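The lines below spell out each chain.
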Amino acid sequence: MHFAIKSLTAASLIACAFAANAQSGETVRIAFIDPLSGPFANVGQNQLKSWQFAATTKSGKANPANVKFEVVGFDNKGSPQESLNALRAAIDQGFRYVTQGNGSGAAAAISDAVSKHNARNPGKEVVYLNYAAVDPSLTNEKCDYWHFRLDADTTMKMEALTSFMKDQPKVKNVFLLNQNYSHGQQVARYFKEGIARKRPDVKIVGEDLHPIGQVKDFAPYVAKIKQSGADTIVTGNWGTDLTLFVKALNDAGLKIPMYTYYAGVTGTPTALAAGGDSEVYVIAYGHSNHTGEIGKMSADFKKQFNDDYYTYATYNGVNLLGAAIAKAKSTNPVAVAAAMSGLSVKSFAGEVTMRKTDHQLQQSMFVTKWQKVSKEFPYSVENTGYTFAPIKQMEPYVASTPTSCNMKRP
């Protein structure tokens with residue numbers, strides 16, 4: 001009897017030890033679904049490399065779960081329909097984690113498809129990590145349990161940006177230029193709401209929405225801005241649409257302050273540098289000159305690819321996933337999703353929390369300014385001799401916005 005109890009205790013201890021490290025040594029495969037061809041290919045290619053780099057850097061003993069991360073690219077050509085085809089292909093190939101970010105239309109399609117797939121295929125669930133699609137509806141009326149947003153949404157960025165702009169007395173007459181899809185429309189809408197609340201004296205002297213990824217020459221838009229008498233530009237444009245807009249501003253010699261979300265994204269810093277000194281601001285959850293682990297990763301990425309590592313959501317995504325797998329003691333998406341909901345982890349700018357109510361990451365925000373590199377801010381963006389220097393950091397509560405999400409949990 002005594003021997004039996006002893007044996008049982010030993011067996012239980014072995015079972016517990018195994019359970020504690022059940023996931024150790026496993027490979028977690030993530031399907032990256034974003035444009036790898038077409039007008040935004042340069043951005044997609046950079047971000048695929050960023051995910052793969054973060055996955056390699058944080059694999060094995062570099063994460064608390066001791067798992068290996070592997071990221072494979074699927075080209076969605078920037079289209080919601082192609083995103084669904086890529087998602088189906090990834091699921092057929094056994095991927096249980098997917099990530100996407102470039103385009104809120106594609107994000108909404110993927111979130112809806114993942115939700116339907118999971119409802120119809122118990123035991124084959126998929127988790128969707130959204131690293132850059134910032135349409136607020138994805139964590140409000142369209143929120144879904146299987147969708148986790150790593151970036152700050154448009155309302156959060158605009159709350160932080162307008163809090164900064166209200167204290168800039170020279171901002172009086174603003175021109176809004178944005179891409180004509182959900183993100184661009186919302187940048188315009190939430191800017192107008194935020195600035196009216198905080199600086200009712202500021203006038204909107206012009207507003208334009210243009211087709212996404214189709215305008216080859218922004219000269220007519222720049223002429224309109226000049227004519228409007230604007231002293232400030234606000235734009236949510238990204239990729240080739242921002243790069244070509246900057247080129248047109250340079251060609252016209254129009255030098256007025258510009259507030260952006262994505263001036264640090266591939267191609268745009270080189271265009272900015274070609275125009276010499278200019279007053280350009282970015283609102284984002286990170287910047288070019290972090291020190292510590294993320295600073296080392298940026299330096300290593302530059303050394304390896306001669307490219308900039310700017311999508312720090314890849315770092316937060318892999319960190320959260322590793323912590324959730326360790327907490328769940330499993331790589332099963334059902335257990336990992338439950339563990340990630342409400343989870344807090346240490347990041348490069350304090351603690352970040354995946355808010356349980358809507359799966360929107362709560363994080364610090366930074367306003368950065370385009371300037372020449374210096375001893376204090378030495379990182380040369382796209383090898384231009386310029387950088388985005390942090391001029392204001394805002395704690396997570398400043399940019400946090402309420403949610404109308406009524407999440408159905410499994």
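Residues numbered from 1 in each chain as written. Predicted model: local features only at pLDDT ≥ 70, side-chain atom pairs only at ≥ 80, totals over all residues. Heavy atoms only, no water.

**Details of the pattern of salt bridges**
In the structure shown here, the tally under the stated rule is 19 salt bridges. The shortest N-O distance in the salt bridge between lysine 198 and glutamate 159 comes to 3.0 Å. Of this pair, lysine 198 sits in helix α6 (residues 182–198) while glutamate 159 sits in helix α5 (residues 154–165); the two residues are 39 residues apart in sequence, bridging distant segments of the chain. One salt bridge in this structure joins aspartate 300 and lysine 296, with 2.7 Å as the shortest N-O distance. Of this pair, aspartate 300 and lysine 296 both sit in helix α10 (residues 292–305), four residues apart, roughly one helical turn. A single salt-bridge network, built from bridges that share partners, covers Glu159, Arg197 and Lys198. (Salt bridge = Lys/Arg side-chain N within 4 Å of Asp/Glu carboxyl O. Helix = DSSP H or I, 4+ residues; strand = E, 2+ residues; numbered from the N terminus.)

**Some remarks on the state of the cysteines**
For the coordinates displayed, the defined rule picks out one disulfide. With its sulfur 2.0 Å from that of its partner, cysteine 143 forms a disulfide with cysteine 405. Classification of the bridge connecting cysteine 143 and cysteine 405 rests on its S-S torsion, roughly 80 degrees, and on that basis the disulfide is right-handed. Of this pair, cysteine 143 sits in the loop between β4 (127–130) and β5 (147–149) while cysteine 405 sits in the segment after α13 (396–399), and the two are 262 residues apart along the sequence. The class for cysteine 405 is buried, based on a relative accessible area of 14%. (Disulfide = S-S within 2.5 Å. Buried < 20%, exposed > 50% of the residue type's maximum accessible area, 1.4 Å probe, protein only.)

**Describing the sheet that holds strand β13 (residues 361–362)**
Ordered in space as β11-β12-β13, the three strands form an open sheet in which the pairing is antiparallel. The sheet is open, and its two edges are formed by β11 (344–347) and β13, each paired on a single side. The pairing of strand β12 (residues 350–354) with β13 spans two bridges and is antiparallel. Paired with methionine 354 across the two strands is leucine 361, which belongs to β13. (Pairing = 2+ DSSP bridges.)

**A short note on the environment of glutamate 26**
On the secondary structure map, glutamate 26 appears in the loop between α1 (2–20) and β1 (27–34). Assessed through its relative accessible area of 30%, glutamate 26 is described here as partly exposed. In contact with glutamate 26, not counting residues within four places along its chain, are Val67, Lys68 and Thr331. Within the local environment of glutamate 26, its side chain forms a polar contact with the side chain of threonine 331, the two groups lying 2.6 Å apart. (Contact = heavy atoms within 4.5 Å. Polar contact = N/O pair within 3.5 Å; in protein donor to acceptor, adjacent residues only side chain to side chain.)

**Regarding the sheet that holds strand β10 (residues 280–284)**
With mixed pairing, seven strands are arranged side by side in an open sheet as β7-β6-β8-β9-β10-β14-β15. The open sheet has two edge strands with one neighbour each: β7 (203–210) and β15 (386–394). Across the sheet, the axes of successive neighbouring strands diverge by a mean angle of 20 degrees, strand direction being ignored. As defined by bridge partners, strand β6 (residues 173–179) adjoins strand β8 (residues 232–235) across four bridges and the pair is classed as parallel. (Axes fitted to C-alpha atoms, helices over the stretch in contact; angles between N-to-C directions.)

**Section: the packing of helix α2 (residues 41–57) against helix α11 (residues 313–328)**
Each pair of packed helices can be summarised by the angle the axes make with each other and by the distance between the axes. At a minimum axis distance of 9 Å, the contact between α2 and α11 shows a crossing angle of 40 degrees. By the angle between their axes, α2 is oblique relative to α11. In this structure, α2 meets α11 at a crossing whose hand is right-handed. Each of Ser50, Trp51, Ala54 and Ala55 in α2 lies in contact with α11, whose residues at this interface are Ala313, Thr314, Tyr315, Gly317 and Val318. Looking at the contact of α2 with α11 residue by residue, the class counts come to six nonpolar, three polar and no charged. (Parallel < 35°, antiparallel > 145°, perpendicular 65-115°, else oblique. Left-handed = near helix turned anticlockwise from the far one by under 90°. Nonpolar A, V, L, I, M, F, W, Y, C, P; charged D, E, K, R; others polar.)

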